[in-house]
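Structural characterization, general
One letter stands for each residue in the lines below.
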Amino acid sequence: PELLMMVPQPVAAVILLYPISENTEKLGQEKLDGTSVVSDKVFFMRQTVGNACGTVGILHSLLNNSDVISMGETLTKFKNDCSTVDPMQRASLLENSEVIASKHAAAASTGQTAAPSADEKINLHFVAFVSVDGTLYELDGRKPNAVSWGNCQSDELLSKAAVACQRYMACDPEEMRFTVVALSKID
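Below: a short report on this structure.

Each value, and the rule that gives it
- Residues numbered from 1 in each chain as written.
- Predicted model: local features only at pLDDT ≥ 70, side-chain atom pairs only at ≥ 80, totals over all residues.
- Heavy atoms only, no water.
- Helix = DSSP H or I, 4+ residues; strand = E, 2+ residues; numbered from the N terminus.
- Rg over C-alpha atoms; globule rule 2.2 N^0.38 Å.
- Buried < 20%, exposed > 50% of the residue type's maximum accessible area, 1.4 Å probe, protein only.
- Contact = heavy atoms within 4.5 Å.
- Phe/Tyr/Trp six-rings, centres within 6.5 Å; stacked < 30°, edge-to-face > 60°.

Along the backbone of the protein chain there are six helices and five strands. In the protein chain, the order of α-helices and β-strands from amino to carboxyl end is β-α-α-α-α-α-β-β-β-α-β. Computed over C-alpha atoms, the radius of gyration of the protein chain comes to 16 Å, within 12% of the 16 Å expected from 2.2 N^0.38 for 187 residues, which places it in the range of a compact globule. Considered along the principal axes of its C-alpha atoms, the protein chain spans approximately 40 × 35 × 35 Å. A buried classification covers 41% of the 187 residues belonging to the protein chain. Long-range contacts, defined here as pairs at least 24 residues apart, represent 70% of the contacts in the protein chain between residues at least 6 apart.

Spelled out as structure tokens, the structure:
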């Protein structure tokens, strides 16, 4: 808990990268099965493009915080276009957005490692955690809907998301390939 105090506040979203295993899939399914209600204020989309989970995680993080993050014209238009369609149709809008695809390609090409191709087999996965309407949601585009992790006010997001991340890490305690990133405000 003391190390979490080093993260700049407020935290708008937390993104977890974790290795996919039988154990993490079981935890994810248990949480999905336990989710009965999802706020209609949650922006959620499916992931239909291979190896795009990082992009979908970032979009989930940003688009669920459009009230506190200036998204720019491209993402504002995308969110507006998605406002009346279901998560699968949102995925289709993302797939067909040449503007987002070109921005994604430009960003991916500036990294230190080569981005995997869409059909390359990768066993790591990104998910986003956000607080919406007093609930912590895990947003995983492989799932049919957002997943509730319980009550969470916006000022509790980091600590409650950290607990969720620890649950994933506990699934495979010998595994080292976990990364957590917080989307925070820096003055």
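What follows covers the packing of aromatic side chains. How two aromatic rings sit relative to each other is set out by the distance from centre to centre and by the angle between their planes. All chains considered together, the criterion is met by four aromatic pairs. Seen in terms of ring centroids, Phe129 and Trp149 are 6.2 Å apart; in terms of plane orientation they differ by 75°. Their pairing is edge-to-face. You can see Phe129 sitting in strand 2 (residues 124-132) and its partner Trp149 sitting in strand 4 (residues 147-151), a full 20 residues away along the chain. Neither residue differs from the other here; Phe129 and Trp149 are each classed as buried. What makes Trp149 buried here is its relative accessible area of 14%.

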